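Descriptive analysis of the structure
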Amino acid sequence: MHITMIGAGYVGLVSGACFSDFGHQVVCMDSNAEKVASLNKGEMPIHEPGLAELVARNVGQGRLSFASDLKSAVGEAEVVFIAVGTPSRRGDGHADLSYVYAAAREIAGVLPEQAVVVTKSTVPVGTGDEVERIIREENPDAKVAVVSNPEFLREGAAIRDFKHPDRIVIGTDDARARSVMAEVYRPLHLNASPILYTDRRTAELTKYAANSFLATKIAFINEIADLAEKVGANVQEVARGIGLDNRIGQKFLHAGPGFGGSCFPKDAMALIKTGQDYEAPVRIVETVVAVNDQRKRAMARKVANAFGGNIRGKSIAVLGVTFKPDTDDMRDAPSIPLITALQDMGAEVRVFDPVGMEQAKKVFENVTFCDNAYRCAKGCHALVIVTEWEQFRALDLKELSTIMACPVIVDLRNVYSSEEVERNGFLYCGVGRPKSVAY
Ligand code: NAD
Ligand code: UDX
């Protein structure tokens, strides 16, 4: 099939590359001409494991190309996906749909007559109706169908998630559009991935409900972690104890510094806004967002408590600043409010991240950027693990104990056991485990 992907960001680029790998003919179109130019040189605009190889293979075999010119990119496409950003709208927290509507308006005039338009961007209920209205307004003769097909991939595991999804959700009442979408996803269906056909509004709501539910799981286990610290229990064992119950499930029960990233915070907020608009408030999600926001800054108090509450003049080494490992994405990363709070308390902050340094430099002021974990820790009073990159799982603790000014490790991802860290002479503070310093 001929597919055009509007937007070559995390979702558009990964989805486009995977579709081409299934054998479809794909053009990824992006209005950012610089991004398209670097993609055409084989340079990836994002860090995503396996993506460069996947793109190179499909470009090499002539199934994948990049363009910044809309008309040529849409060409004779049978399916046009919209995968542009839907960030939080400044000021009110609603999803900012200006990029989606602009894309709809732009494609309307160049769409082939029978094209199926698919919103892959995460969009509030009713957006598909508006996309359809815009296209019809611009192009009254178009026999276009607008489908909602939300994407559930995670950054850092995006290709695997795309190729082996737990499910595919396709929202449309249009029979022709359904059969076109079945053809698009046929290779995955053959792979036994379930396809759920719904109406468009149900598909739109499903995406927000999924993200908000996962965010709720994390916020819940984080509060249990706080309680575990007070009562002398181990949150990791509690998580296992509840997660082995199939009704609860083991995933997304890792306590930490609070959820971040380009999706959970903004999508939970957008769902709250939709709930308020329709006078059906999602109060649980409202609480989840509030609890999570407080938590990120509260992590700085956890660091301070290792020093009796005062870190003025102390040097703190922060390992990992991206919102999760295996990505360079800094959007809504927990490290941002944490580092600001450490600085507000008078600490000097040093930072190292395996791939996020370039992005981090655009975000942080007055921090010292270091080029490895040991140079970051040298002379510091505390080492704080904020993102669980693999390379932080096997730090040379002996070496660290000799180069740091004060042997304190605050492990916000529970990467280490207190025994192994304390054996090397450190004061250790994890999250929700015995001997942690409670904040
Ligand atoms: P992104 O910011 O990485 O990429 C968006 C791209 O769209 C940018 O490259 C931008 O230049 C381009 N763009 C904007 N307007 C355009 C236009 N009119 N024409 C052509 N290109 C245009 O965003 P993302 O992280 O890929 O997210 C895209 C959507 O997918 C969002 O709605 C997001 O919520 C959703 N989503 C994201 C993830 C994720 O892990 N990042 C996962 C699932 C769903
Ligand atoms: C999320 C959804 O998982 C994905 O389905 C959706 O398409 C996009 O949003 P992503 O944000 O890429 O994916 O990463 P995810 O692995 O979900 O992590 C999000 C945040 O939650 C990170 O800050 C992570 O550290 C945190 N998290 C996750 C926890 O704190 N504990 C957990 O158990 C899991």
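Quantities reported herein were computed from a predicted structural model and do not represent experimental measurements.

Some words on the overall build of the chain
In terms of regular secondary structure, the chain is built from 18 helices and 14 strands. A compact globule built from 439 residues would reach a C-alpha radius of gyration of about 22 Å, and the chain, at 23 Å, matches this within 12%. If you line up the chain on its principal axes, its C-alpha atoms span 70 × 50 × 40 Å. Counting the 439 residues in the chain, one finds 48% classified as buried. Sequence-distant contacts, at least 24 apart, represent 71% of the contacts inside the chain between residues at least 6 apart.

Things to note about the UniProt feature "domain: UDP-glucose/GDP-mannose dehydrogenase C-terminal" (unreviewed entry) in the chain
Within this structure's numbering, the places UniProt gives as "domain: UDP-glucose/GDP-mannose dehydrogenase C-terminal" (unreviewed entry) are residues 317-418. As a span, residues 317-418 carries 29% helix and 18% strand, and end to end its C-alpha atoms are 19 Å apart.

A closer look at the site of ligand 2
Around ligand 2, a shell composed of 19 residues is seen, among which Glu155, His254, Phe259, Gly261 and Cys263 lie nearest. It is helix α10 (residues 200-231) that provides the largest number of residues to the shell around ligand 2, a total of three residues. Classifying every residue of the shell around ligand 2 by side-chain character gives 10 nonpolar, five polar and four charged. Inspection of the shell around ligand 2 shows a minimum of three residues originating in each of domain 1 (2-198) and domain 2 (199-439).

Quick look at unusual backbone geometry
With a phi angle near 55 degrees, aspartate 332 is a residue other than glycine that sits in the positive phi range. Tracing the chain through its elements places aspartate 332 in the loop between β9 (315-319) and α14 (335-344). You can call aspartate 332 buried: it has 21 C-beta atoms within 10 Å. Despite not being glycine, asparagine 366 shows a phi value in the positive range, around 60 degrees. Considering the arrangement of structural elements, one finds asparagine 366 in the loop between α15 (357-363) and β11 (368-369).

A few points about the UniProt feature "active site" (unreviewed entry) in the chain
In this numbering, the UniProt entry assigns the feature "active site" (unreviewed entry) to Cys263. Position of cysteine 263 relative to the elements: it lies in the loop between α11 (235-243) and α12 (264-277). Classification of cysteine 263 as buried rests on a count of 25 C-beta atoms within 10 Å.

As for the site of ligand 1
In the vicinity of ligand 1 lie 27 residues, with Gly7, Gly9, Thr86, Ser121 and Thr122 positioned nearest. Elements supplying a minimum of two residues to the shell around ligand 1: α1 (10-21) and α5 (98-108). In terms of residue count, the dominant contributor to the shell around ligand 1 is α5 (four residues). By residue class, the composition of the shell around ligand 1 is 12 nonpolar, 10 polar and five charged.

A word on the nonpolar core
Membership of the largest hydrophobic core comes to 133 residues, with the highest contact counts inside it found for Val117, Ile316, Leu319 and Val384. Top contributing element to this core by residue count: α10, with eight residues. Both domains that meet at this core, namely domain 1 (2-198) and domain 2 (199-439), each give it at least three residues. Sequence-distant contacts of isoleucine 316, that is, excluding residues within four places in its chain, are made with Val303, Ile311, Leu342, Ala347, Val349, Cys380, His381, Ala382 and Val384.

Some points on the sheet that holds strand β14 (residues 427-429)
Taken together, the six strands give an open sheet; going across it, the order is β11-β10-β9-β12-β13-β14, and neighbouring strands pair in parallel fashion. For this open sheet the edge positions go to β11 and β14, each flanked by a neighbour on one side alone. Relative to strand β13 (residues 408-411), strand β12 (residues 382-385) is paired through three bridges, and the arrangement is parallel. When the sheet's bridge partners are listed, isoleucine 385 is paired in β13 with aspartate 411.

Overview of the pairing of strand β6 (residues 145-148)
Here β6 shows two buried faces, one formed by Ala145 and Val147 and the other by Val146 and Ser148. Relative to β6, strand β5 (residues 116-119) is paired through four bridges, and the arrangement is parallel. Paired with valine 116 across the strands is alanine 145, a residue of β6. Of the crossover connections in this fold, the one passing from β5 over helix α6 (residues 127-138) to the parallel β6 is right-handed.

A look at the packing of α1 against helix α3 (residues 51-60)
When two helices pack together, their arrangement is captured by the angle between the axes and the distance separating the axes. Viewed as axis vectors pointing N to C, α1 and α3 meet at an angle of 50 degrees, and their least axial separation amounts to 9 Å. Considered as vectors, α1 and α3 are oriented oblique to each other. The interaxial crossing formed by α1 with α3 has left-handed handedness. Of α3, the residues touching α1 (which contributes Val14, Ala17, Ser20 and Asp21) are Leu51, Leu54, Val55 and Asn58. Taken together, the residues of the contact of α1 with α3 sort by class into five nonpolar, two polar and one charged.

Examining α6
Across its 12 residues, α6 extends 17 Å between first and last C-alpha, which sits within 8% of the 16 Å expected from 1.5 Å per residue. Those residues of α6 lying buried are Thr127, Gly128, Val131, Ile134 and Ile135. Buried residues along α6 cover an arc of 120 degrees about the axis, so they all sit on one side. Each element contacted by the buried residues of α6 is listed here: α5, β5, β6 and α10.

How each quantity is defined
- Residues numbered from 1 in each chain as written.
- Chains lettered and ligands numbered in written order.
- Predicted model: local features only at pLDDT ≥ 70, side-chain atom pairs only at ≥ 80, totals over all residues.
- Helix = DSSP H or I, 4+ residues; strand = E, 2+ residues; numbered from the N terminus.
- Rg over C-alpha atoms; globule rule 2.2 N^0.38 Å.
- Buried ≥ 20, exposed ≤ 12 C-beta atoms within 10 Å, placed from the backbone.
- Contact = placed C-beta atoms within 7 Å.
- UniProt positions renumbered as here; feature names shortened; annotations may be inferred.
- Near = placed C-beta within 6 Å.
- Nonpolar A, V, L, I, M, F, W, Y, C, P; charged D, E, K, R; others polar.
- Domains from an automatic or database assignment.
- Core = buried A, V, L, I, M, F, W, Y, C linked by C-beta atoms within 7 Å.
- Pairing = 2+ DSSP bridges.
- Right-handed = clockwise from strand over helix to strand, strands pointing away.
- Axes fitted to C-alpha atoms, helices over the stretch in contact; angles between N-to-C directions.
- Parallel < 35°, antiparallel > 145°, perpendicular 65-115°, else oblique.
- Left-handed = near helix turned anticlockwise from the far one by under 90°.
- Expected span 1.5 Å × (residues − 1).
- Arc of directions from axis to C-beta.

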